[in-house]
Structures are given as C-alpha cells and as structure tokens.
Amino acid sequence: MKLKLLYLFTLILSFSTLAGDTTVVRIHDQTDMTWYGNYDEWGVLPDNTYEYRKVYLHYKMGCATGGCSDWDYTSQIFIRHRTGEIDSTTQTGSYFTVNGNTPDSVLWNVDSTYITFWDTASNNLDSMLSESYQILLNNYTSLGLASTDTLYGFASGFYNYTYDALGNIIDSNLVAPDSTLHQNYYSWYNTFDVIEDYEIARVITPYANGFSSSWGFTHTFDITDFQQILRDSVEIRCHYSGWSSGFSATLDFEFIEGTPPRDVVKLENIYSGGYNYVSSADFENTKLIPKTKHIKANTSGAMVKMTSTGHGFDNNQSAAEFKPINYFVNIDGLQTHTQFNWDSDCGENPIYPQPGTWLYDRANWCPGKKAQTFEHEITPYITPGDSINIDIDFQAYSWAGTQTPSYIIQCQLFQYESPNFNNSAEILDIIKPSLKDEWSRKNPICGNPLIKIRNYGEQTLTSLEIQYRVIGGAINTFNWTGNLDFMQTEEIELPNLSSWAGTDNVFEVTLVNPNGSADDYSENNTMFSEFETVPQYPETFALWVGTNSGVINSFTQESETTWDFYDATGNIVHTSGSLYANIQYRDTLTFSAGCYTFVLEDTDEDGLNFWANNDGSGMVRFREIGASWLKSFNADFGTNIVHQFMIGGAQSISSSSNLNTWKIFPTPTKNTITVEGSTNEDVQVWITDNLGKIILRKKFTKMVSLSETIDISHLKNGVYLLNIISSKEKIVKKIVKQ
C-alpha cells in the first residue's frame, strides 16, 4: 500500500515542514502481538527515483484485540534486509521410509505372512499376522525431497518354529521375502537469501492493566540513515518478547523528499542480540568481542549508533534493569566515548499513571517509552580505505543471586560521504507547543516555546535568527548564539510570543541566516505544529493540597512536596514554602491577567499516591471560590506536575466578523478547490506552499458574495495554505492536494 502524502494531516504537521513532497506508507496496521515471537509483513516503499532528506517511523502502540497486557515487555521493529548474497546448507534425504523409520534395508512380502507360536493355555499351535509395512518411496526434485509412491506389505525374513505334540521346538522354517529394498541417500544444497536484520525502533510496553481498549501512543523515530535499505519491497518485523496478550503495532513510514546532511555509503551491524552478563570477563571476551570493519575508500565520516537496554533484577545488584553504569566506545584501542546507559526521567513518563513500578529509573528504558539510541561520531578516528577495530566495553560489576543480568544490544556502524552543505541549520522538532504524544506531559502551554535545532552544514554553527509565530499572527524574532559542530543538536527555549492570537492553532518556526549568511539548504528551515490552548481560570481561586506521609526529614516531618506559581517571565508569584506530612492545605490565590505555570515537585519522585511505597495518599486540586472544582490532578504523578493556564483572557485565535463565513472545499482534493464567502471590499486569494512561496494569486473586486472554483490540478501533491486577504483581515486555511 502506497499513499502519496497524507491520510492524516496532523501526523505530518507535528513532524515535518512539508517543504518537499511527502510519501507515507503503512506496514503493519494494528498488528496484534499476543505472544512471544515475530510478526512479519511485507510492504512497498518508494524506489530509488528520489532522494529523501528525512525518513521517519511513526510507531503507534495500542492494545491488542483482547486488551493490553499487565507487564513491561520489549518490542522491537526490524528491517529484514535481503543483502543480495546467497548461502546454502547441505541437505540429505532417504530413498525410502518404513512406517516412518529409516532402516538400512527392508525385507517384506506382498502377501500376508504369519508368526506361529505354541499356545500353552490351549496346548495347541497358533499364529498371528506379522507386522504390516507402509513403505514410502522418495525422490529428489528441484522442489526438494518428495514422496513419489507407496508400497504395502508384511514383515518377512524371519523363522517360524515347528513343534511336537507336547509343544517342544523340533525345527524351524524361513518365511522368505519376495521383495527387498536397500537404503540409499540423496544429497543436495538448499540455497537461501542472506537476511540481515536491522533494528530501527525499540519500545518497552507499559504496565497497561486497566488501560482502555482504545488506548494508543505514538513514538517517532528518525531512520533517515537507513533509507538505502528502505526501498521497494521490504519485510518489516515486529518482535514481541511478551508471554501474555498483548499489544498492537501500527507502523507509518514517512518519506520527505530532499537532500540529507550527508549520504550513507554503507551500514552494517556491529552487535545484534541479547547477551547474558555472567561476569565482566565473560561479557567482554565472549559476548561483545572486538570487531574489525573495513572503511570504504569514498568514506569521509563515520558514526557508531548504540541502543542498549538492561533487564533482570533478582540479584544483589538489581542488575541489569536497575544498575546505572557506563559503557565505553574504543576505536583501535583508544577510548573515544563514555556513555551513561540510563534513563533518569521515568518519573516524568508521559504515559502515567501505570499500575506497575513505572516511575523507577532504569537502564536506558522506562515502561511505555522508547529506548534511547546513542550516537557516537568517530570521524576523527577513521582512515578511508583502511580498517578499524571497534570494541564496546561495559563498566564491570559483580553480582550474586538467582537471575542473570542481561542486555539487549543493537549497535551499527554508518559510513558517510562528505557533508552536502557548508552553512545550514535544520529545525528538528517543536517540543512546545505540540500535540505529539511524546510531549504530552509538557503541553499545552501559553508560555515559552521549546524547539530543537541541528547544525546541517559542515561549518560550525554559531548564530541563527529564529522567526516564530501562530499562523496569522505577529512574527517574533529571537537571535540565537552558540557553538554547534556538524550534526550536533540543541534545545532552545524561545521568549514567549508577544501574542498567541492568530487565524489557526498552528505554531510556525522558521530558521534564517545561519552564521549571518543565507542558508545553503532552506528546505528544512520551517516547521509547523498544531496545538491546543491552555485552560482559563478566574483571577482568584483556591489551591487544595493534601500531603502524604512522605518526608525529607523524619524529625521535623517536612514533606517531600512543594509547589510554586510562576508568571510569564519566570518570577515566582506564589510559593508553598515548607509543607508538612499528612496535612490538607487550602490557599486562596489571586492573580493578575496573564500566563502562569503551576509546578508541584516531589523530591522522592514518587508523587502523592504511589502503590509501591508506604507514604499513603494525597491530593492536588484547583477550586473556584464558592463553586466547583476547576482542575483535579492525578496524585500518582511521579516527579512533578507542570500545568500552564491563563488568567483574564483566553488564549485563542483572533476573532473576526467574517472569519467563519468563508468556506473552502473539498479538502483533500485532486483537481479543484472552491472558495465561498462574503465581503464588502476587494479581496486577494493566494495559495502558498509551506515556505510562504506564492504558487497562485487571484484578485476579486468588491462584491456581496463570492463563489470561485480554482483549478489546482497542476500543483504537486502536498499541503498548501490558502490566504484570503483584505484590508481588515487575513484568513489562512489549510488545503491538501492529493
């Protein structure tokens, strides 16, 4: 199945600029993973006609048809890459089988044969039918060994005894066979395609007991460097390590045309599999043994990518799941990188609460989150045309107990050509504001936006102009300075918008003038993100906080819980000070108009109602004075609660007397778009791409009503913005051409 562009506009808005044509292909559509094993499916991806600057995998995990599992299991997504190499194994097969067995020879009679014996009960000679044979004759063909005929007979080649009247054996007679077969064997080679599995995603399932059957959560993975093996027909494997049902997997592959920062020359696995940590010496000498890899002559850069998660904890080290350690990358005997193999943010898990120990930090994973892939640039340590020795060592430890620690490790080497651009910056993500599942705990906002950029050019990035706004609203500008080498990234918190008013709840960011000059590649400079507005509360309301018995000082009984309210400039306007255990606090708070952030912290990172401690339960709520609850927070929140809201005015799009009178249909569309509305002055209708380039322009003179059909069949498939402009307003609507 191949879909050119979008079946869900919001999917793309959250992830890319749409500056180039975009293709989305779904392989695995709610595939139920109900028991340990592999779930394979083929799909057709774009061919080699176009190059892609970005390839994403959107992995939506949901409940299986029979519901979600209670436990945290590992799920992995693999490309089953056909390398083009052929291998073989020697096969053998027998000429015949007898009753399913493979004897060296067989003697038999076509007619029935009998075995005689002396019946001591009746004191007479008796007999019984001998064993019957089913003989299958086999033959080797191009399809392999196959049965070609079936013979039937009875055992022979044995002796029957002759008895006297008293039952004494006096002689014997041969039961002669009339047919004989001697065994022979066929030998042949069984050829097969060599398949190399490459992991492109790993998500540990949440503790999902009690989750709604409609629950779903989407993780996004940047798999651009794998695009050379994501072409044409591919087989995609979902591996599920669970022993109970279950979860579902929906995989959407998004290809955005353009030029990547550098082209991949070669990719190959270094380590791939699960490895028991019996001891440090065993792990390094028999599991993660050094590997020698050849660097191609046209290679200019290289990177090691490593995804490692630790599992098992029933030992005196709680290893490997709860054992925080480093691993070390060594190139030709030189230690080049040290990586802390740990996820310290489980208490801020966006999938919360969960019935299990969801908030405990772990060895590079949290229940429900994706495992981190660590990138290690090794370009300074390679020589084109030569070989390198790669060795990954784990920090040593000793353990004792009943459960052996283990690590699931996927480690790959990527070789690249020279960078494609000298001076360029890329917008990688909009974290706030966003509708992405992964950033749900940080949203919605009315305060400072948060974005992520990357240096897309070979020249060090030291300055950048960032323009941002709500679509239809005023443009804000921030001048960033820093020091990013090629491919390095940075999260940037922008000053708050001068106004969140606009014509649509879509946030736009554009990067311009990297290092004070024009960008060598502007296709990835703009990104959009749909968002929802924050709640609006009255200027005076009550905060109810009930602490539990969790304390930081058992003598003073000072609580683990504190809270603060911040205004839009980051100043504290209300603070809890020290709170004490098992007390219900009610504070009446008054605010002036503006955007505020409520932050409640728990120093032990286990919230106010966590089942796996003895702290009891607490509560956090906002209440309107003399009225009902405004907001009730889940007390099982882990590390903190961060909640933004408005006082004295809603955060919404601009109002206009004519805004809702304009209709644009149909969308999506293939050939034409119709614009209908009313106006008492001249209007212009522009169609622009997502970089603001005007694709089509029409002008209409003053009239009471307008109904105009516009031909867009000549436009490329994609998402465009239709602008209706008058002296009083500018209205922007999304249209999808497919």
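In the block above lies the structure referred to throughout.
My aim in this report is to walk through the structure given alongside it, one point at a time. (Residues numbered from 1 in each chain as written. Predicted model: local features only at pLDDT ≥ 70, side-chain atom pairs only at ≥ 80, totals over all residues. Heavy atoms only, no water.)

**Observations concerning the state of the cysteines**
Taken as a whole and judged by the stated rule, the model has three disulfides. Across the disulfide, Cys63 is cross-linked to Cys68 (sulfur-sulfur distance 2.0 Å). Across the S-S bond of Cys63 and Cys68 the torsion is about -100°, and the bridge reads as left-handed. Comparing Cys63 with Cys68 shows no difference in burial state: the two are buried. Note on cysteine connectivity: Cys346 is disulfide-linked to Cys366, with sulfurs 2.0 Å apart. Here the S-S torsion is close to -85°, and the disulfide linking Cys346 with Cys366 is therefore left-handed. Here Cys346, found in the loop between β24 (334-340) and β25 (374-377), pairs with Cys366, found in the loop between β24 and β25; they are 20 residues apart in sequence, far enough to count as distant. Each member of the pair, Cys346 as well as Cys366, is classed as buried. Just so you know, Cys238 is unpaired, no disulfide at all, and the nearest cysteine sulfur is the one on Cys68, 15 Å from it. (Disulfide = S-S within 2.5 Å. Buried < 20%, exposed > 50% of the residue type's maximum accessible area, 1.4 Å probe, protein only. Helix = DSSP H or I, 4+ residues; strand = E, 2+ residues; numbered from the N terminus.)

**Some remarks on the pattern of salt bridges**
Under the counting rule described, the total for this entry stands at 22 salt bridges. The closest approach of N and O atoms between Arg80 and Asp197, which form a salt bridge, is 2.9 Å. With Arg80 in strand β6 (residues 74-94) and Asp197 in strand β16 (residues 185-204), this residue pair connects regions lying 117 residues apart in the sequence. Of the charged contacts, one joins Glu438 and Lys370 as a salt bridge, the two residues approaching to 3.1 Å between their closest N and O atoms. In this pair, Glu438 sits in the loop between β28 (425-432) and β29 (450-455) while Lys370 sits in the loop between β24 and β25, placing the two residues 68 residues apart along the sequence. Three or more residues are tied together by salt bridges with common partners; here these are Asp40, Arg80, Arg82, Asp197, Glu235 and Arg237. (Salt bridge = Lys/Arg side-chain N within 4 Å of Asp/Glu carboxyl O.)

**Let's talk about the nonpolar core**
Core analysis: the biggest nonpolar cluster contains 43 residues, and Phe226 and Phe253 have the highest contact counts within it. Taken together, the elements giving at least two residues each to this core come down to β5 (52-63), β6, β16, β17 (216-222), β18 (233-240), β19 (247-257), β20 (264-276) and β27 (406-416). Of all hydrophobic cores here, the second largest spans 28 residues; its members include Tyr271, Tyr327, Ile331 and Ile390. (Core = buried A, V, L, I, M, F, W, Y, C linked by side-chain atoms within 4.5 Å.)

**Structural notes on the packing of aromatic side chains**
Aromatic ring pairs are defined here through the distance separating the ring centres and the angle between the ring planes. Applying the stated criterion across every chain, the model contains 53 aromatic pairs. Where Tyr277 meets Phe283, the ring centres are 5.0 Å apart and the plane angle is 45°; that geometry is what we call tilted. Pair check on accessibility: Tyr277 and Phe283 agree, each one buried. Aromatic side chains Phe541 and Phe622 sit 4.9 Å apart centroid to centroid with 40° between the ring planes, which places their arrangement in the tilted category. Residue Phe541 is found in strand β36 (residues 540-546), and its partner Phe622 is found in strand β43 (residues 619-624); the two are separated by 81 residues along the sequence. When sorted by exposure, Phe541 lands in the same class as Phe622, which is buried. Taken together, the ring pairs in this structure connect Tyr537, Phe541, Trp563, Phe565, Phe591, Tyr596, Phe598, Phe622, Phe633 and Phe645 into an aromatic cluster. The cationic tip of Arg621 hangs over the ring face of Trp629; the distance from NZ or CZ to the ring centre is 4.8 Å. (Phe/Tyr/Trp six-rings, centres within 6.5 Å; stacked < 30°, edge-to-face > 60°. Lys NZ or Arg CZ within 6 Å of the ring centre and 35° of its normal.)

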